[in-house]
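# Summary of the model geometry
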Amino acid sequence: LWPWLLASSGLSALVQLVTLPFFPDSPSYLLIQKGNEEACRKAIRKLWGEGDHQAEIDDIMKEKGAMASTKTLRVLEVIKERSLRWQLYILMIVMSTLQLCGINAVFHTAKFEEYLIPYVSLGVGLCECLSSILCSTLIDRFGRKVLLWGGYSLMGSVLALLTVTLSLQHRFFWMHYFSVILIFLFVVFFGTGP
């Protein structure tokens, strides 16, 4: 039953993957990142209907002006910046509490020896940190829609493979190790995409 339950979460990812191309890009993304005012107006009309939306466009332009005067920090600069220390602490606490999300229960299902489970849990935590760093650098370059599209596609593929590996783990002794690698990939794809 566990492999089917795990695969069922792929259904919602599939629905989102299929419907994603029909959603417009964010108006603020189109105007701020791409600099395309006409595409921004088209996206606003698609989201909010016909009408005068100049006030919304003016707000986005103000946001663009405020962002231009703000310096973008790299990851190492964020760590060194004293004014961001509390936000960094909160982020670290949130990332560490993700260990309680339940994904670690899969390791018990994958029939790992008890002494290996803390190391695998540590690997999931490292994958979560890696994905948050990747997401912060990739979202500015590719945009949210591309990351969502890629993330859901890769997550769906990984869940399909994970269902197969969990079903075959009693036949091959090495299959549960492959399942853990797939879980690591799922965590990274989830963190960088959705």
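Residues numbered from 1 in each chain as written. Predicted model: local features only at pLDDT ≥ 70, side-chain atom pairs only at ≥ 80, totals over all residues. Heavy atoms only, no water.

## Observations regarding the side chain of T163
For the record, the criterion: In DSSP terms, a helix is any run of H or I states spanning at least four residues, a strand is any run of E spanning at least two, and both are numbered starting from the N terminus. Contacts: residue pairs with any heavy atoms within 4.5 Å of one another.
Here T163 shows up in helix α9 (residues 144–168). Setting aside residues up to four positions removed in sequence, T163 forms contacts with P3 and A7.

## What about the environment of R141?
We apply this condition: A 1.4 Å probe rolled over the protein chains alone gives each residue an accessible area, and that area as a share of the maximum for its type sets the label: buried under 20%, exposed over 50%, partly exposed in between.
Mapped onto the elements of the fold, R141 is located in helix α8 (residues 117–142). The exposure class of R141 is exposed, given its relative accessible area of 63%. For the pair R141 and Q33, spaced 108 residues apart in sequence, the C-alpha to C-alpha distance is 9.0 Å.

## Considering the pattern of salt bridges
How we decide: A carboxyl oxygen of Asp or Glu within 4 Å of a side-chain nitrogen of Lys or Arg is what we treat as a salt bridge.
On inspection of all chains with the given rule, the structure shows two salt bridges. Here E37 makes a salt bridge to R41, at a shortest N to O gap of 2.9 Å. Of the two residues, E37 and R41 are both situated in helix α3 (residues 37–48); the distance of four residues between them amounts to about one turn of the helix. Overall, the relative accessible area of 26% leaves R41 in the partly exposed class. With its nearest N and O atoms 3.7 Å apart, the salt bridge here joins E38 to R45.

## Let's talk about the confidence of the model for the protein
When pLDDT is low, close inspection of the predicted coordinates is not appropriate. Note the cut-off: What pLDDT expresses is the predictor's confidence in each residue, scored from 0 to 100.
Averaged over every residue, the pLDDT of the protein is 77; the share at 70 or more is 88%. Averaged pLDDT values over the elements of the protein bottom out at 59 in helix α7 (residues 105–109) and peak at 84 in α3.

## Here we look at α8
Selection criterion: For a helix, the expected span equals 1.5 Å multiplied by the residue count minus one. Note on bend: the value at a residue is the angle between axes fitted to the seven residues ending there and to the seven starting there.
The end-to-end C-alpha distance of α8 is 35 Å, a good match for the 38 Å that 26 residues give at a rise of 1.5 Å each. The sharpest bend along α8 reaches about 25 degrees and sits at C135. Along α8, the residues classified as buried are I117, V120, S121, G123, V124, G125, C127, E128 and S131. After α8 finishes, the residue G143 shows a positive phi value of roughly 90 degrees.

## What about α3?
Filter applied, for reference: Throughout this description, a polar contact denotes any pair of N or O atoms lying within 3.5 Å of each other; where both atoms belong to protein, one of them has to be capable of donating a hydrogen while the other can accept it, and for residues adjacent in sequence the pair is counted only when both atoms sit in side chains.
Compared with the 16 Å implied by 1.5 Å per residue over 12 residues, the 16 Å span of α3 between its first and last C-alpha is a close match. The secondary structure elements touched by the buried residues of α3 are α2 (27–33) and α4 (54–68). A side-chain oxygen of the first residue of α3 lies 3.4 Å from the backbone nitrogen of E38; this N-cap is N36. Remark: G49 follows α3 within two positions and exhibits a positive phi of approximately 85 degrees.

## Here we look at the UniProt feature "transmembrane region" (unreviewed entry) in the protein
Threshold: UniProt positions are given in the numbering used here, feature names are shortened, and annotations may be inferred rather than shown by experiment.
Per the UniProt annotation, the sites labelled "transmembrane region" (unreviewed entry) are residues 6–24, 88–110, 116–139, 146–168 and 174–192. Note that residues 116–139 is 96% helix and 0% strand, and that its end C-alpha atoms are spaced 34 Å apart. Taken as a whole, residues 146–168 contains 100% helix and 0% strand, while its terminal C-alpha atoms sit 33 Å from one another.

## Things to note about the side chain of S131
In this structure, S131 sits in helix α8. We classify S131 as buried; its relative accessible area is 4%. Beyond its immediate chain neighbours, meaning those up to four positions away, S131 contacts V187, V188, G191 and T192.

## With respect to the packing of α3 against α4
Filter applied, for reference: Only the contacting stretch of a helix is used when fitting its axis, a line to C-alpha atoms as for every element, and angles between N-to-C directions run 0 to 180 degrees. Geometric relationships in this document are graded by angle, where less than 35 degrees denotes roughly parallel, more than 145 denotes roughly antiparallel, 65 to 115 denotes roughly perpendicular, and other angles denote oblique. For any helix crossing, the convention is left-handed if the near helix is rotated counterclockwise from the far helix by under a right angle, and right-handed if that rotation is clockwise. When residues are sorted by character, Ala, Val, Leu, Ile, Met, Phe, Trp, Tyr, Cys and Pro go into the nonpolar class, Asp, Glu, Lys and Arg into the charged class, and all the rest, Gly among them, into the polar class.
Where α3 meets α4, the closest approach of the two axes is 11 Å, and the angle between their N-to-C directions is 130 degrees. Comparing the axis directions of α3 and α4 gives the class oblique. Along this stretch, α3 crosses α4, giving a crossing that reads as right-handed. The segment α3 lies against α4, with E37, C40, R41, I44 and W48 engaging Q54, E56, I57 and I60. By residue class, the composition of the contact of α3 with α4 is five nonpolar, one polar and three charged.

## Thoughts on the packing of α9 against helix α10 (residues 175–192)
Running from N to C, α9 and α10 cross one another at 165 degrees; their axes reach a closest spacing of 9 Å. The orientation of α9 relative to α10 falls into the category roughly antiparallel. α10 is crossed by α9, and the crossing has left-handed handedness. Across the interface between the two elements, L147, G151, L154, M155, V158, L159, L161, L162, T165, L166 and L168 from α9 touch M175, F178, S179, L182, I183, L185, F186, F189, F190 and T192 from α10. Class assignment for the residues of the contact of α9 with α10 results in 17 nonpolar, four polar and no charged.

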